[in-house]
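For reference, the chains in residue letters:
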Amino acid sequence: MDFGIVDLFVIFLITLGPLKSSIVYVTLTADADAGLRRSIAIRTVLTATVVALLFVIAGEFLLDAFHVSIPALKLGGGLILVLFALEMVLGSQSQEAPKTDSEASTNIAVYPLAMPLMVTPQGLVAIVTLTAAAPGTSEMVLMIGLILGIMAFNLIFLLGAQRILSAIGPAALKVVSVIVGILLVSLAIQLMIWGLTDLGVLQELPAKG
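Nothing here was measured: the structure is a model prediction, and the numbers come from that model.

Undergrad: I'd love a proper account of empty space enclosed by the protein, names of residues and values included.
TA: The full count for this structure, using the stated rule, is two cavities of 30 Å³ or more. Estimates place the volume of the second largest cavity at around 50 Å³. Every residue along the wall of the second largest cavity is listed here: Phe3, Ile11, Leu81, Ala126, Thr129, Leu130, Leu184, Leu187, Ala188 and Leu191. Residue assignment for the lining of the second largest cavity shows that the elements contributing at least two residues are helix H6 (121-133) and helix H9 (170-198). Sort the elements by how many residues they give to the lining of the second largest cavity and H9 lands first, with four residues. In the lining of the second largest cavity, the residues fall into nine nonpolar, one polar and no charged.

Quick look at the structure:
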């Protein structure tokens, strides 16, 4: 596997983490009682977990079905992640919560919270790309473990989202978003470099030390 555990954790945390979903969750459940908010949070994370694990297990099948090579997926996945990360760094005026009914219900757990806000399209691309690039059983177990860990963190974050976001404040959230966006740009470009190396366009650099 080209990426280490820390790299995988960062990629999954950014693309499957609670940042965007928690902001919309707090907005849509502002008038809901504590029991309903808890139900929505649990259903959101359960739905996101099932979808993410499905793509881990079926990622290689999807590649075979669409005749996509590993280098092509690394390049395409890296490009998508770069665009996503640049949006985090530069900001976007179009990041609005998807329109839903004004009254909160458990239906919002599936859309928009679980998908596309928690399990983002970029997250699915990352899952399929990394799973296909490291098809071994131990690597798959590692990725499943990381995803389950992040989903557990997502649940804890959602359950305390109102207090957490109030304490952090919008300015600090923006700073965090820019920092992780810069890091993700670097990781995404590295993924594209490995794709070009697989194709023989670039020469593999010797290991350090």
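Undergrad: Break down unusual backbone geometry for me, with residues and values.
TA: Cis peptide bonds are those with omega within 30 degrees of zero, and the linkage from tyrosine 111 to proline 112 qualifies with 10°. Checked against the element boundaries, proline 112 lands in helix H5 (residues 110-118). The peptide bond linking methionine 115 to proline 116 adopts the cis configuration, its omega dihedral lying at 10°. In this structure, histidine 67 takes a positive phi of about 55° despite not being glycine.

Undergrad: With reference to specific residues and values, describe the environment of phenylalanine 84.
TA: Position of phenylalanine 84 relative to the elements: it lies in helix H4 (residues 70-90). Setting aside its immediate chain neighbours within four residues, phenylalanine 84 contacts Ile14, Thr15, Lys20, Gln122 and Leu184.

Undergrad: Help me get a handle on the nonpolar core, residues and values and all.
TA: In summary, soluble globular proteins display a tendency toward joint burial of nonpolar side chains. In terms of nonpolar packing, the biggest core is built from 45 residues, with Phe12, Leu16, Ile147 and Met151 touching the most fellow members. The element contributing the most residues to this core is helix H3 (residues 34-66), with seven residues. Discounting chain neighbours no more than four positions away, the residues touching isoleucine 147 are Phe12, Leu16, Ala52, Leu53, Val56 and Ile127.

Undergrad: Help me get a handle on the side chain of asparagine 154, residues and values and all.
TA: Examined against the element boundaries, asparagine 154 turns out to sit in helix H7 (residues 137-159). You can call asparagine 154 buried: its relative accessible area is 0%. Once residues lying within four places of it in the same chain are set aside, the contact partners of asparagine 154 are Leu16, Gly17, Pro18, Val45 and Met118.

Conventions adopted
- Residues numbered from 1 in each chain as written.
- Predicted model: local features only at pLDDT ≥ 70, side-chain atom pairs only at ≥ 80, totals over all residues.
- Heavy atoms only, no water.
- 1 Å grid on protein atoms, 1.4 Å probe; cavity = no way out; pocket = protein on both sides within 12 Å on 5 of 7 lines; lining within 4 Å.
- Points joined across faces, edges and corners; volume = space filled by probe spheres on them.
- Helix = DSSP H or I, 4+ residues; strand = E, 2+ residues; numbered from the N terminus.
- Nonpolar A, V, L, I, M, F, W, Y, C, P; charged D, E, K, R; others polar.
- Contact = heavy atoms within 4.5 Å.
- Core = buried A, V, L, I, M, F, W, Y, C linked by side-chain atoms within 4.5 Å.
- Buried < 20%, exposed > 50% of the residue type's maximum accessible area, 1.4 Å probe, protein only.

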